[in-house]
Amino acid sequence: MPKVPPKYRAPALDKGLDIIELLAKAHAPLSIADISDGVGRSRGEIFRMLQVLEERDYISRGDGDAGYSITPRLFRLGMEQPPVKSAVETALPIMHRLAGQIDQSCHLVVPSGDQIVVIARVDPPGDIGLVVRIGHRRPMAQSASGQVLLCWQSEHVREQWLRIIAENEPKFDRKKLLKSITQIRSQGYASHPSREVDGVTDLSAPVMEHDRAVCALTIPFIERRTALKTIDFTLMHLRQATTDISHALLYGSEAK
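Residues numbered from 1 in each chain as written. Predicted model: local features only at pLDDT ≥ 70, side-chain atom pairs only at ≥ 80, totals over all residues. Heavy atoms only, no water.

Caption draft 1: Representation of the nonpolar core within the structure. Counting 28 residues, the largest nonpolar core has Met 95, Leu 98, Leu 108, Leu 217, Ile 219 and Leu 238 as its most contacted members. Of all elements in the fold, only α5 (82-102), β3 (106-112), β4 (115-122), β7 (200-209), β8 (212-222) and α9 (231-251) reach the threshold of two or more residues within this core. The element contributing the most residues to this core is α5, with eight residues. (Core = buried A, V, L, I, M, F, W, Y, C linked by side-chain atoms within 4.5 Å. Buried < 20%, exposed > 50% of the residue type's maximum accessible area, 1.4 Å probe, protein only. Helix = DSSP H or I, 4+ residues; strand = E, 2+ residues; numbered from the N terminus.)

Caption draft 2: Broad picture of the packing of helix α7 (residues 155-168) against helix α8 (residues 174-187). For the pair α7 and α8, interaxial distance at closest approach is 12 Å and the crossing angle is 140°. Classed by the angle they form, the pair α7 and α8 counts as oblique. In the packing of α7 onto α8, the handedness of the crossing is right-handed. Residues Arg 158, Glu 159 and Leu 162 of α7 form the contact with α8, whose participating residues are Arg 174, Leu 177, Leu 178 and Arg 185. Broken down by class, the residue content of the contact of α7 with α8 amounts to three nonpolar, no polar and four charged. (Axes fitted to C-alpha atoms, helices over the stretch in contact; angles between N-to-C directions. Parallel < 35°, antiparallel > 145°, perpendicular 65-115°, else oblique. Left-handed = near helix turned anticlockwise from the far one by under 90°. Contact = heavy atoms within 4.5 Å. Nonpolar A, V, L, I, M, F, W, Y, C, P; charged D, E, K, R; others polar.)

Caption draft 3: The pattern of salt bridges, seen in detail. Within the structure shown, the criterion is met by eleven salt bridges. Note that Glu 54 is salt-bridged to Arg 61, the shortest N-O span being 3.3 Å. In this structure, the salt-bridge partner of Lys 229 is Asp 103, at a minimum N-O distance of 3.1 Å. One end of the pair, Lys 229, is in the loop between β8 and α9; the other, Asp 103, is in the loop between α5 and β3, with 126 residues separating them in the sequence. By relative accessible area, which is 28% here, Lys 229 ends up partly exposed. What makes Asp 103 partly exposed here is its relative accessible area of 26%. In the salt-bridge network here, residues are joined through shared partners; they are Asp 18, Arg 41 and Glu 45. (Salt bridge = Lys/Arg side-chain N within 4 Å of Asp/Glu carboxyl O.)

Caption draft 4: Quick peek at the confidence of the model for the chain. On average, residues of the chain score 86 in pLDDT, and 88% of them reach the 70 mark or higher. Within the chain, no element has a lower average pLDDT than helix α4 (residues 73-79), which sits at 68, and none a higher one than helix α6 (residues 144-151), at 96. (pLDDT = per-residue confidence, 0-100.)

Caption draft 5: How the structure looks around the sheet that holds β7. The six strands are arranged β5-β4-β3-β8-β7-β6 in an open sheet whose pairing can be described as antiparallel. The sheet is open, and its two edges are formed by β5 (137-139) and β6 (190-193), each paired on a single side. Each adjacent strand pair in this sheet contributes to an overall mean axis angle of 30°, direction not counted. (Pairing = 2+ DSSP bridges.)

Caption draft 6: Spatial organisation of the pairing of β4. In terms of burial, β4 is a largely internal element, seven of the eight residues being buried. Pairing of β3 with β4 involves seven bridges; the strand directions are antiparallel. By the bridge assignment for β4, Leu 108 is matched with Ala 120.

Caption draft 7: Here's a closer look at the side chain of Ser 204. By the secondary structure assignment, Ser 204 is in strand β7. Residue Ser 204 is classed as buried on the basis of its relative accessible area, which comes to 0%. Beyond its immediate sequence surroundings of up to four residues, Ser 204 is in contact with Ala 144, Ser 145, Val 148, Tyr 189, Ala 190, Ala 216, Leu 217, Thr 218 and Leu 238.

Caption draft 8: Examining the side chain of Ser 105 more closely. With respect to the secondary-structure elements, Ser 105 resides in the loop between α5 and β3. Ser 105 gets classed as buried once you look at its relative accessible area, which sits at 3%. Separated by 2.4 Å, the side chain of Ser 105 and the backbone oxygen of Leu 130 make a polar contact. Excluding its chain neighbours within four sequence positions, the residues that come into contact with Ser 105 are Val 122, Asp 123, Pro 124, Leu 130, Val 131, Thr 218, Ile 219 and Pro 220. (Polar contact = N/O pair within 3.5 Å; in protein donor to acceptor, adjacent residues only side chain to side chain.)

Now the structure itself:
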C-alpha cells in the first residue's frame, strides 16, 4: 500500500529526525560520510544539523574521529512520561522483592518500534548475576521479552508490530515467531536460552493492563552449581511478581 504524502513539510526537522533515527539503529558510531549516505543528503546539508544536535546533547562525538552516536537524552525524556514513570515507580519495590527471593537480577522492558528497551533493573543481591543496563535495546522478535509483549496484544496491534519487524529484518521468519508466540501464550511465560550469553536462560512474563501487556519483566537466569533455587522456583516468583505489578498498576496499591 503506497504511503500517503505528508500534508505539511518541515525540511529542517525532517533532516534532524532522519539523523537521530539513523544513529538510534546504528551499532557503532557513524562518520559524517556514513550519515550522509544513510539519510540520502549531502555533507553540506547535514553539517550544521549535526552541530546543533550535538550542542543540544542529542548526539555526541567520540574521541578523535570515532564518529557520532546518539546520547541517552531522548531516553531520559521518554522516561518522564507519566505512564512510563508510573510503571517504573510501581514495579521497582516488587522487583527488589523478587531479586531477593531468587538471588538473580531482573529488568523491566517496554516496546519501542521493532525493538524492546530496558527501563528499569534490579541487581542481584549476591556476588554473581547478569545485569542488563537501562536503555539496552534488542530486536523485539529476537528477545524473550519482545515475544512476550507480542503475545498479549490485540490482533490489530500485533499485526502492526509484525509488519514493522518484517520491514526492518530481512531474514525475519514470521512462521517461526508465531509458533513461539503460541507456545508462550499457552504457558503464560517465555523461557528461552539466551542468544547473547551461554549458560543463561531468559525468563520473561507479561505485566498486564486489562487484556494487553504494557511491559515484560525478565530474569536472565544463571544456573549455579551450588544454588538451590531452580528455574521452576524462579518462574513461580516471577509470575507472582508480574501479577502483583499488574494489580498495582490497575488499582494503585503496591503489593508487599
